[in-house]
Amino acid sequence: EPEVTQTPSHQVTQMGQEVILRCVPISNHLYFYWYRQILGQKVEFLVSFYNNEISEKSEIFDDQFSVERPDGSNFTLKIRSTKLEDSAMYFCASLGGMNSGNTIYFGEGSWLTVV
Amino acid sequence: AQSVSQHNHHVILSEAASLELGCNYSYGGTVNLFWYVQYPGQHLQLLLKYFSGDPLVKGIKGFEAEFIKSKFSFNLRKPSVQWSDTAEYFCAVREGGNKLTFGTGTQLKVEL
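The numbers attached to residues start from 1 for each chain and follow its sequence in the written order. Whichever chain is written first becomes A and whichever ligand is written first becomes 1, with later ones labelled in order. Totals for whole chains, interfaces and linings use every residue, but because this is a predicted model, local features are given only for residues with pLDDT of at least 70 and side-chain atom pairs only at 80 or more, for both listing and counting. Note that water and hydrogens are dropped before the side-chain values are worked out from all heavy atoms of the structure.

1. What to know about the state of the cysteines
By definition, disulfides here are pairs of cysteine sulfur atoms that lie within 2.5 Å. For the coordinates displayed, the defined rule picks out two disulfides over all chains. Put simply, C23 of chain A and C92 of chain A are joined by a disulfide, and their sulfur atoms are 1.9 Å apart. For the disulfide bridge between C23 of chain A and C92 of chain A, the dihedral angle about the S-S bond is near -65°, and by the sign convention the bridge is left-handed. With C23 of chain A in strand β3 (residues 19-24) and C92 of chain A in strand β9 (residues 88-95), the pair connects residues that are 69 residues apart, well separated along the chain. As far as the burial class goes, C23 of chain A and C92 of chain A line up, both buried. Bridging C23 of chain B to C91 of chain B, the disulfide has an S-S length of 1.9 Å. Its S-S torsion of approximately -65° makes the covalent link between C23 of chain B and C91 of chain B left-handed. Here the residue C23 of chain B occupies a position in the loop between β3 (19-21) and β4 (24-25), and C91 of chain B occupies one in strand β10 (residues 87-94), the gap between them amounting to 68 residues. Partly exposed residues are those whose accessible area sits between 20% and 50% of the maximum for their type, while under 20% is buried and over 50% is exposed, using a 1.4 Å probe and protein chains only. Of the residues examined, C91 of chain B reaches a relative accessible area of 0% and is grouped as buried. Strands are runs of DSSP state E lasting at least two residues, helices are runs of H or I lasting at least four, and both sets are numbered from the N terminus onward.

Written out as structure tokens, the structure reads:
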């Protein structure tokens, strides 16, 4: 089964530092997402990306966050100046079309710890 | 805005017991419904999905779910759970756009 891959699997960073989380979505998928899950809480939508631009974002996705698809394969989430409350598991996901079962597939997550 | 409710936050069962996890959503229009499972230390994996047609859908590992439109529900069931089913289960809804809205999750522990 095709996979969404994410790096790093775990990152510890100091408050105020910039963090970039990387994702390689499933090839030929068209929609890309970032979700996050704070420990003990539900999975929350951050942002969706289609056709090289943000198609939707949540209230959580403020000016400290940005996404980019710098080349044909990577999809990155940047947190400009991390806060303690950004500590969470960040999931990348991608969605194909009807030929892909119209299903969102998730990566294994990047666990971010802000200290 | 769409909301998804999972009323059981923690469930503990013995092996071979039957399982039913509740999921209700708020949107009244056409929805796609999903159950995802997250085993300890792993990513979200799709268990099953409903788009249209037969409201009783079968997924992997013996799970099934029934869509009841009149009750806005999509409950997950398994007749006989195993220890390896210990995981967190998330119901999710897609309402026409392309994002998923998740429920709060149900932590299932199956005891030997």
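Alright, that's what it looks like, and here's the rest.
2. Here we look at the nonpolar core
By size, the foremost hydrophobic cluster in this structure holds 28 residues, and its most contacted members are L33, W35, L47, L48, F74, L76 and Y89 of chain B. Counting residues per element, the ones that place at least two in this core are β2 (10-14), β3, β5 (32-38), β6 (44-50), β8 (64-68), β9 (73-78), β10 and β12 (106-111) of chain B. For this core, the element with the highest residue contribution is β10 of chain B, accounting for four residues. Aside from chain neighbours lying at most four places away, what touches L47 of chain B is W35, Y36, V37, G59, I60, F63, L76 and Y89 of chain B. Grouped together as the second largest cluster of nonpolar side chains are 22 residues, V4, F49, V67 and A88 of chain A included. The definition of a nonpolar core used throughout is a set of buried Ala, Val, Leu, Ile, Met, Phe, Trp, Tyr and Cys residues joined through side-chain atoms within 4.5 Å. Contact definition: two residues touch when any of their heavy atoms are within 4.5 Å.

3. Some words on the environment of K71 of chain B
Residue and element names in this part refer to chain B. Note on placement: K71 falls in the loop between β8 and β9. On the basis of relative accessibility, which here comes to 56%, the residue K71 falls in the exposed class. Between the C-alpha atoms of K71 and L13, which are 58 residues apart in sequence, the distance is 26 Å.

From the geometry alone we can't say anything about function, so treat these as descriptive.
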